[in-house]
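# Structural characterization, general
What follows is the residue order along each chain.
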Amino acid sequence: MAGDGLPHKRWPKMAAASQDPDSGVHFNILRHFSEVLEENSLRLADKLEAAGDVTAAGDVTADVVPLLSEYTLHSICETAMGTKLDDEQKDEGRVYKEAIHKVGKFMVESGSYVRFINHRPKDGSIDDKGIQEEVDTFMFEGHDTTATGLVYLLMSLACDKMIQDKVVEELKEIFGDSTRPATMQDLGKMKYIDCCIKESLRLYPPVPFIARILNEEVVLSGYTIPAQEQCGQAPLRYIPFSAGPRNCIGQKFAMLEMKSAVSSLLRKFELQPVTRPEDLEFISDLVLRNNGPVLVSFKKELYNRFFSNV
Ligand code: HEM
């Protein structure tokens, strides 16, 4: 299904809309998107109750993997595709998502990922099938990656109370006692959260490998690498969104989405650890996936302490 879309030919529409050739997504579009993201983030907090084991006090322990995957799928459908997935359409969304996962799994198992990303249409034209593939690429890159980033960010914050408190402190400075939704400006003020997200992407890069096949021979630091050689990135690199002409065109969107989700959740819940870093067992996939659930406990008390007038 993802077909030729995964070669990562830069999406013509998005690239044309961009003033910054590296951003891919225009700032004004992001401003509009941020409102949609915020709505979805508020819904995410509400959905938590339905998602896990609720205690008498209303605290919830939930596997954040499916929860965040649904959240980012809704967000990308509504922002990039202009399609709102309501409850009736949820199943269609899930079927679509499962199909994307199957393609991803096949590509990893067959080793065809590198062949896919190296293949490019020669004349640059795009027909209906091409558009479908671009949409699938965008949907895949746009939801599973960000969900994965959020999964390990929430787990990490749950496991480090001191850092979580600093995040809450920043949110208090921005919002005071207000329960108003976050604006684009608010998201811009979340400097500490920005650092937490970046650190989490360093520790748990959602795209754990980036590979290329050389079209021609290259000499690097005196070493000759022959054409057709497959190259991966160095293990200690920090390039969560890749770099160069084929880098991630959704990185600004992804940072906004992650800030919106984490701020919305931390304004309502205190996170407490269940799954810890030492419990993780990564499995082979296009994104950094744990072999099992990633559980986080959401404690409601903080909500009342934080917003005294609620
Ligand atoms: C934390 C979230 C994200 C991470 C870590 C991430 C990471 C990456 C990486 C590493 C690549 C390069 C892959 C390669 O060259 O093999 C990439 C490409 C891409 N990403 Fe993202 N991404 C994220 C979110 C998004 C979002 C939200 C969107 C869409 C709104 C998106 C759209 C794309 C597209 C279309 C490409 C292909 C670009 C091209 O080849 O020209 N990504 N991403």
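Residues numbered from 1 in each chain as written. Predicted model: local features only at pLDDT ≥ 70, side-chain atom pairs only at ≥ 80, totals over all residues.

The chain is annotated in an unreviewed UniProt entry as (diamondback moth) hypothetical protein of Plutella xylostella. Per its UniProt entry, the chain bears the Cofactor (unreviewed entry) comment "heme". As its UniProt record puts it under Function (unreviewed entry), the chain is described as follows: "May be involved in the metabolism of insect hormones and in the breakdown of synthetic insecticides." (UniProt positions renumbered as here; feature names shortened; annotations may be inferred.)

## Quick word on the sheet that holds strand 7 (residues 270-273)
Strand order in this open sheet of four strands is 1-2-10-7, and the pairing throughout is antiparallel. Taken across any chain shown, the strands that pair with only one partner, and hence form the sheet edges, are strand 1 (53-54) and strand 7. As judged from the four bridges shared by strand 2 (residues 60-63) and strand 10 (residues 295-299), these two strands associate in the antiparallel manner. Along strand 10, the bridge assignment pairs T61 with S297. Lying on the sheet, helix 3 (residues 64-79) is in contact with strand 2 and strand 10; it crosses strand 2 at an angle near 75°. (Pairing = 2+ DSSP bridges. Helix = DSSP H or I, 4+ residues; strand = E, 2+ residues; numbered from the N terminus. Contact = placed C-beta atoms within 7 Å. Axes fitted to C-alpha atoms, helices over the stretch in contact; angles between N-to-C directions.)

## A closer look at the environment of E229
Along the polypeptide, E229 turns up in the loop between strand 5 (223-225) and strand 6 (230-232). Take E229: there are 12 C-beta atoms within 10 Å of it, and that puts it in the exposed class. Residues E229 and E217, spaced twelve residues apart in sequence, show a C-alpha to C-alpha distance of 8.6 Å. (Buried ≥ 20, exposed ≤ 12 C-beta atoms within 10 Å, placed from the backbone.)

## Topic: the environment of V60
With respect to the helices and strands, the residue V60 is situated in strand 2. Separated by 240 residues in the primary sequence, V60 and K300 place their C-alpha atoms 8.3 Å from one another.

## Side note on the nonpolar core
Buried together is how nonpolar side chains tend to be arranged in soluble globular proteins. The biggest cluster of nonpolar side chains holds 43 residues, and the ones touching the most others in it are V64, L150, V151, L153, L154, M258 and V296. Contributing elements (two or more residues each) for this core: helix 2 (27-51), strand 2, helix 3, helix 6 (128-159), helix 7 (161-175), helix 9 (191-203), helix 10 (251-266) and strand 10. Among all residues touching V64, those that are not within four sequence positions of it are V151, L154, V294 and V296. In terms of nonpolar packing, the next biggest core, distinct from the first, is built from six residues, L73, I76, M139 and F140 among them. (Core = buried A, V, L, I, M, F, W, Y, C linked by C-beta atoms within 7 Å.)

## Quick look at the UniProt feature "binding site: heme" (unreviewed entry) in the chain
This chain's UniProt record puts "binding site: heme" (unreviewed entry) on C248. Along the chain, C248 turns up in the loop between strand 6 and helix 10. Beyond its immediate chain neighbours, meaning those up to four positions away, C248 contacts F241 and S242.

## Quick look at unusual backbone geometry
Phi is positive for Q228, close to 75°, though the residue is something other than glycine. For Q228, the location among the structural elements is in the loop between strand 5 and strand 6. Its 11 C-beta neighbours within 10 Å are what place Q228 among the exposed residues. Of note in this structure, S242 is not a glycine but carries a positive phi near 65°. As for its placement among the helices and strands, S242 is situated in the loop between strand 6 and helix 10.

## A closer look at the confidence of the model for the chain
As a general rule, the predicted coordinates of low-pLDDT regions are not to be interpreted in detail. In the predicted model, the chain carries a mean pLDDT of 79, and the fraction of residues at 70 or more is 71%. No element of the chain has a lower mean pLDDT than helix 1 (residues 12-17), at 41, and none a higher one than helix 9, at 97. Segment residues 1-24: pLDDT under 50, and 50 contacts once partners within four positions in sequence are set aside and those in other chains are kept. Within the model, pLDDT remains below 50 along residues 111-120, and this stretch shows 18 contacts once partners closer than five positions in the same chain are excluded. (pLDDT = per-residue confidence, 0-100.)

## Re the pairing of strand 2
Alternating residues of strand 2 divide into V60 and A62, all buried, and T61 and D63, none buried. Pairing between strand 1 and strand 2: two bridges, direction antiparallel. Across the sheet, residue D53 finds its bridge partner in strand 2, namely T61. The hairpin turn running from strand 1 into strand 2, its antiparallel successor, is five residues long, and G58 in that turn takes a positive phi close to 90°.

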